[in-house]
Amino acid sequence: MIINKLSLINFKNHSEQSFDFSPQINCFVGNNGVGKTNILDALHYLSVGKSFLGNSDLNNIRIDDTSTPLNVTDFFAIEAEIQNEEKEDIIKILQPKESKKVIKKNDKSYDRLADHIGYLPSVMISPYDSNLISDSGESRRKFLDAMISQTDSSYLFDLIQYQKTIQQRNALLKYFAKNRTFDKDSLEIYDHPISNFGTRIFEKRKDFVEKLNPIVQHFYQIISGGKEIVNVIYESHLFDSSFKELLSNSIDKDRALTYTSKGTHKDDLIFEMNGNSIKKIGSQGQQKSFLISLKLAQINRIKELTGKSPILLLDDIFDKLDDTRVSQLIELVNKESFGQIFITDTHKERTENVVRRINEESRIFEIS
């Protein structure tokens, strides 16, 4: 999958931008605050239909700061020409101010966003990745779900249905608490669907992480050259009991808390180095090398499962790694045929020195 062209209208700080891309390496250079990361975010939109920064769609409509009071433009639009094997597809994303987002492929709208997920897989490496180590389990669950969803549409369906059913069960628990009543039979109506969806989610997560872990270890050794052994471990209540047992045994606790306390929505990924938490013992450099290894393993896994090479979005990596490691990283992903690469940096000469040496087909876009 190759993105040949990209055009933006009213997206974040870009009133109008267009690009013709190289099939290999593309770099966006310019000062901080000019919108380089926003271009990567637009590419991320093409992949999964939403911002990697977590912004709401309406907040990504450009604000016209030349008028008083502030006047928000009416929409944003992202359009791309994508080489898909021997044919070209046109993907359009339109977010009007007053109505819901529309995603079209060759002028035909998707009925559901989930139908688009997996068409153009992508992997982002950015300074925000450190949150995967420092934040709560929710960040790591979202990361795991995003990885698997790009390779398995049935997993995404199960995940959506599971989350809806958990919300319904939680709403009932809150109703019971508010009205000082309880009906066990009504609550157990949700046990069967939660158990079915949740067990399938658990099995796929377990299988995915088992296959991901040795690939992470492989890339970590290449990138860091270190002697440490890293591990990605999947943690879930379902290793100890069935889902129905979990729900049954936690009824009293759930009533007190007014939410479902056990299940796959509480799963986590544990990142270890030499048997200890990488958050506690890993240096900043070791943590960075681990996170990059994790993302490269994600690319490898997506490619293996889908036959598609994900686009790789590298945001501000020169700021986090020295030039030698950046060169090693770009050379590695280029050699591994991971797919099209997009990079942001603040220094044009530094970028040119690294990427031109690796690939003459690279293109550098100055953003101002």
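Structure's up top.
Residues numbered from 1 in each chain as written. Predicted model: local features only at pLDDT ≥ 70, side-chain atom pairs only at ≥ 80, totals over all residues. Heavy atoms only, no water.

A few words on the packing of helix H3 (residues 137–149) against helix H6 (residues 191–224). Interhelical geometry of H3 versus H6 gives an angle of 90 degrees and a closest axis separation of 11 Å. In this view, H3 runs roughly perpendicular relative to H6, as classed from their interaxial angle. Contact residues: Arg 141, Leu 144, Asp 145, Met 147 and Ile 148 in H3; Lys 204, Arg 205, Phe 208, Val 209 and Leu 212 in H6. Looking at side-chain class alone, the contact of H3 with H6 contains six nonpolar, no polar and four charged residues. (Axes fitted to C-alpha atoms, helices over the stretch in contact; angles between N-to-C directions. Helix = DSSP H or I, 4+ residues; strand = E, 2+ residues; numbered from the N terminus. Parallel < 35°, antiparallel > 145°, perpendicular 65-115°, else oblique. Contact = heavy atoms within 4.5 Å. Nonpolar A, V, L, I, M, F, W, Y, C, P; charged D, E, K, R; others polar.)

Let us now look at H3. Over its 13 residues, H3 runs 18 Å from end to end, which matches the ideal 18 Å to within 8%, given 1.5 Å per residue. Taken together, the buried positions of H3 are occupied by Gly 137, Arg 140, Arg 141, Phe 143, Leu 144, Asp 145, Met 147, Ile 148 and Ser 149. Looking at the buried residues of H3, the elements they touch are helix H2 (131–134), helix H4 (153–179), H6, strand S12 (268–273) and helix H10 (284–306). (Expected span 1.5 Å × (residues − 1). Buried < 20%, exposed > 50% of the residue type's maximum accessible area, 1.4 Å probe, protein only.)

An order of S2-S1-S6-S7-S8-S9 is seen for the six strands of this open sheet, with the pairing classed as antiparallel. Sheet topology places strand S2 (14–20) and strand S9 (108–109) at the edges, where each strand pairs with a single neighbour. Relative to S9, strand S8 (residues 102–105) is paired through two bridges, and the arrangement is antiparallel. Counterpart to Lys 104 in the pairing with S9 is Ser 109. Packing against the sheet, helix H1 (residues 36–48) makes contact with strand S1 (2–11), S2, strand S6 (75–84) and strand S7 (87–96), and its axis sits at approximately 115 degrees to S1. (Pairing = 2+ DSSP bridges.)

The tally for this structure, following the rule as stated, stands at 20 salt bridges. For Glu 304, the salt bridge is made with Arg 301, and the minimal N-O distance between the two is 3.2 Å. Here Arg 301 and Glu 304 lie together in helix H10, a separation of three residues that amounts to about one turn. Judged by its relative accessible area of 54%, Glu 304 is exposed. Residue classification places Arg 301 among the buried positions, given a relative accessible area of 2%. We note a salt bridge from Asp 345 to Arg 350, for which the minimum N-O separation is 2.6 Å. (Salt bridge = Lys/Arg side-chain N within 4 Å of Asp/Glu carboxyl O.)

Moving on, we get to the layout of surface pockets. What the largest pocket holds in volume is close to 1600 Å³. Lining the largest pocket are 45 residues, and of these Lys 50, Ser 139, Lys 142, Phe 143 and Ala 146 lie nearest its centre. Those elements that provide at least two residues to the lining of the largest pocket are H1, strand S10 (122–125), H2, H3, H4, H6 and H10. Of the residues contributing to the lining of the largest pocket, the split by class is 19 nonpolar, 16 polar and 10 charged. (1 Å grid on protein atoms, 1.4 Å probe; cavity = no way out; pocket = protein on both sides within 12 Å on 5 of 7 lines; lining within 4 Å. Points joined across faces, edges and corners; volume = space filled by probe spheres on them.)

Moving on: the side chain of Ser 289. With respect to the helices and strands, Ser 289 occurs in helix H10. By relative accessible area, which is 2% here, Ser 289 ends up buried. Those residues in contact with Ser 289 that sit more than four places away from it in its chain are Tyr 220, Ile 223, Ser 224 and Arg 325.

Overall, the coordinates contain 20 aromatic pairs when judged by the stated rule. Seen from their ring centres, Phe 157 and Phe 197 are 6.5 Å apart, and the 75 degrees between their planes marks the pair as edge-to-face. One end of the pair, Phe 157, is in helix H4; the other, Phe 197, is in helix H6, with 40 residues separating them in the sequence. Arranged with centres 5.8 Å apart and planes meeting at 35 degrees, the rings of Phe 202 and Tyr 234 form a pair that is tilted. Of this pair, Phe 202 sits in helix H6 while Tyr 234 is found in strand S11 (residues 230–235), placing the two residues 32 residues apart along the sequence. Following the ring pairs from residue to residue traces out a cluster consisting of Phe 19, Phe 21, Phe 28, Phe 342 and Phe 365. Here the basic side chain of Arg 255 rests over the ring of Phe 182, its NZ or CZ set 4.0 Å away from the ring centre. Looking at Arg 301, its charged tip hangs above the ring of Phe 208, at a distance of 5.3 Å from the centre. (Phe/Tyr/Trp six-rings, centres within 6.5 Å; stacked < 30°, edge-to-face > 60°. Lys NZ or Arg CZ within 6 Å of the ring centre and 35° of its normal.)

On to the nonpolar core, then. Membership of the largest hydrophobic core comes to 65 residues, with the highest contact counts inside it found for Phe 271, Phe 290, Leu 294, Ile 330 and Ile 343. Not counting residues up to four positions away in its chain, the partners in contact with Ile 330 are Ile 25, Leu 314, Ile 343, Val 354, Val 355 and Ile 358. In this structure, Phe 19, Phe 21, Ile 39 and Ile 61 belong to the second largest nonpolar core, which totals 32 residues. (Core = buried A, V, L, I, M, F, W, Y, C linked by side-chain atoms within 4.5 Å.)

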